[in-house]
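# Structural overview
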Amino acid sequence: MERRSPAPQRRLLVVGIDAATLDLVRPWAEQGDLPRLGRLLADGAWGRLRSVPSMVTPAAWSTFATGCNPGAHGVFSFTERLPGSYEERYTSGATRAGTPFWVLLNRAGVRCTVVDVPWTYPADAVDGVMISGMDAPGPDAPGFVHPPSLAADLRRRFDPLLGTGWSDGGIGDLVARGRLDAAREFLARRVEARTDLCRYLMEHHPGDLLCVVHTEVDRIQHFFWEFVDPRAPRVLAREAARHRDGILRIYQAVDRSIEALAAAFGPSHVIVVSDHGAGLSPGSPDAWIRAVLEHQGWAARRLAGDPVRRAARAGLARLYRTLAPWLPRSVTWRLRQRGSAVARSVAAALAYEYDWSRTRAFCLSASGEVWLNVRGREPMGVVEPGEEYDRLRRRIRDVFLRLRDATTGQPVVEAVEFRDEIYHGPFVERAPDLLIRFAEVAPAALALDGEVIRRPRQAPSPRDLSAGGHRPDGMIVLAGAGVRQGVEVHDARLQDVAPTLLYWMGQAVPASMDGRVLVGAFTPEYLRAHPIQTSEATGPARTQPGYGYTGEEAARIAERLRRLGYM
């Protein structure tokens, strides 16, 4: 197959904004608060971008990179189940199958710079520079930077982002301590540092593709959404007044970054994309799922330890559940510290363990996922495959769709999907049996056919402070040669990004991609002059077969996700 190199003037700037939503971007852009994004919306094509069904970071950015649905690239969440076990292991870029678009462009002669795209560890050996995303154990990990010879110099020059201050971008502990201004400033500095890093790379290691992802909008929205959404519980009027602009400030930092990168990169095509949107969260969806499964008799909890110790821990847990809503955040933060004896006792009392012999359906660490305990598939399975399996999953879907907020009467769940309905490809069997998508509600209790279901308190974590969650619709904006101006693109999906940018860079689209070129973004003249071409499938091979985290690396990943409120 003949490889066509793009014309020299075809340069592409791809800016990812994790969790950016048009619900906020458009009104702020129209008011002049986001001038660069406002110009891109006016001069280019834009639209809502449908995320992957789970709306979680690992699956979404893997789909962005490969143009494939999770059933084809194999990454569904932060963790994956070990075959034949109830245990989980953390996923990474090495878990992903499929070929990312920057590797395809690289093969076609495009020198690439890729910075901080989630689920890209270890970095691909591209002609150019690649810095892994948040799935890297740390900036000192082998494979964090390619080429490795740049790692020490970049860590030294950009210490707040890549060195001792790299950590994870998590702000959960700062929020829990009540240091909201410090949390916002921390995120703004990270955006600025990443921008400086990209400008340095463009100056000293120039290329034709710059792809960078800013994750800070997602972080701020998780913990500050209550200040912009009147439906959120818990927030005080004076807190809302003081921190209402917190989310906007981070969007503005990203807007300035786009301006600076476009100026440094020079004349180019520009794509701005988010992996999912944002909105009100029900708070710890997995806890609600467990409560409903228990209520219906589909799950049973195992009580560990001797009766006296269980009783003492249960009393401590009841006390915590009673006091926690009224305690200052600084106090609950201290109780959260793992070195505290109180924290260990509370965590032990509130930890959830299944009695597998009496459990027919369960969820683990990934929110919204429900597995059936199938005989022959799970170690202690009790559900017969076939007719019983189908009957149970239909009953579970029916019950969750009937759930209502006990106070408002609003539906709590907007969709329950079976894995074979939403995924296709060689890895579908690694997906959960059902995926539950909650509506934008924050219920204190659920109602089901007149009965009230209350959520059992989980071990305290930053997730308890997160009023913001993920929503299905992200955003995409394209501006540059051949793009229609000021038009809305309809029915765009996240898997369409990779084939669209390959096409825009003059390359064929692999037949293995699930996405399609967003032809509605381009002028008829451009489409006639540049017909879409396809190439043979790239195959499902793993990027780094056999790679896995060490015990120490897995512990670092676990702590990072905990601080972010994901686990």
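Details of the structure are given in the entry above.
Before going into details, it helps to say that this report is about the structure given with it.

### Here we look at the overall build of the protein
Across its full length, the protein holds 21 helices and 23 strands. For the protein, the proportion of its 567 residues judged to be buried stands at 59%. Taking all contacts inside the protein whose residues are at least 6 apart in sequence as the whole, residues at least 24 apart take part in 73%. With an accessible surface of roughly 22,500 Å², the protein has 50% of that area assigned to carbon and sulfur atoms.

### Section: the side chain of Asp-124
Within the secondary structure, Asp-124 sits in the loop between β5 (112-117) and β6 (128-132). One buried charge, Asp-124, has no salt-bridge partner; the nearest side chain with opposite charge is Arg-96, at 4.3 Å. At 2.9 Å, the side chain of Asp-124 forms a polar contact with the side chain of Trp-102.

### Describing unusual backbone geometry
In this structure, the amide linkage connecting Tyr-121 to the following residue, Pro-122, adopts the cis form with an omega of 0°. Along the chain, the position of Pro-122 falls in the loop between β5 and β6. The omega angle of the peptide bond from His-146 to Pro-147 is 0°, so this bond is cis rather than trans. The topology assignment puts Pro-147 in the loop between β7 (145-146) and α6 (151-157). For Trp-119, which is not a glycine, the phi torsion comes out positive at approximately 60°. By the secondary structure assignment, Trp-119 is in the loop between β5 and β6.

### What about the sheet that holds strand β16 (residues 446-448)?
Within a sheet, each strand pairs with its neighbour through backbone hydrogen bonds, oriented either parallel or antiparallel. Here we have three strands laid out as an open sheet, ordered β13-β16-β17, and antiparallel in their pairing. Sheet topology places β13 (404-405) and β17 (451-453) at the edges, where each strand pairs with a single neighbour. Sheet analysis places β13 next to β16, joined by two bridges and oriented antiparallel. When the bridges of β16 are listed, Arg-404 appears paired with Ala-447. Helix-sheet contacts for helix α13 (residues 285-295) involve β16 and β17, and the interaxial angle to β17 is about 140°.

### Describing the packing of helix α1 (residues 22-30) against helix α12 (residues 246-265)
Put simply, α1 and α12 touch, their axes get as near as 12 Å, and they point 75° apart. One element, α1, and the other, α12, form an angle in the roughly perpendicular class. Together, Leu-24, Val-25 and Trp-28 of α1 and Ile-247, Leu-248 and Tyr-251 of α12 make up the contact between the two elements. Of the residues in the contact of α1 with α12, the class split is six nonpolar, no polar and no charged.

### Regarding α1
Of the residues making up α1, those classed as buried are Leu-22, Leu-24, Val-25, Trp-28 and Ala-29. Taken around the axis of α1, the buried residues stretch over an arc of 160°, which confines them to a single face. Looking at the buried residues of α1, the elements they touch are α2 (35-43), β2 (45-50), α10 (216-224), α12 and β19 (473-479). Regarding α1, its N-cap is Thr-21, as a side-chain oxygen of that residue lies 3.1 Å from the backbone nitrogen of Asp-23 further along. Where α1 terminates, the next one or two residues include Gly-32, which has phi positive at roughly 90°.

### Remarks on the side chain of His-146
Checked against the element boundaries, His-146 lands in strand β7. A distance of 3.3 Å separates the side chain of His-146 from the backbone oxygen of Val-126, its partner in a polar contact. Among all residues touching His-146, those that are not within four sequence positions of it are Ala-123, Asp-124, Ala-125, Val-126, Gly-128, Val-129 and Met-130.

So, how was this worked out
Residues numbered from 1 in each chain as written. Predicted model: local features only at pLDDT ≥ 70, side-chain atom pairs only at ≥ 80, totals over all residues. Heavy atoms only, no water. Helix = DSSP H or I, 4+ residues; strand = E, 2+ residues; numbered from the N terminus. Buried < 20%, exposed > 50% of the residue type's maximum accessible area, 1.4 Å probe, protein only. Contact = heavy atoms within 4.5 Å. Areas by Shrake-Rupley, 256 points an atom, 1.4 Å probe, with all protein chains shown as cover. Lys, Arg positive; Asp, Glu negative; His and termini not counted. Salt bridge = Lys/Arg side-chain N within 4 Å of Asp/Glu carboxyl O. Polar contact = N/O pair within 3.5 Å; in protein donor to acceptor, adjacent residues only side chain to side chain. Pairing = 2+ DSSP bridges. Axes fitted to C-alpha atoms, helices over the stretch in contact; angles between N-to-C directions. Parallel < 35°, antiparallel > 145°, perpendicular 65-115°, else oblique. Nonpolar A, V, L, I, M, F, W, Y, C, P; charged D, E, K, R; others polar. Arc of directions from axis to C-beta.

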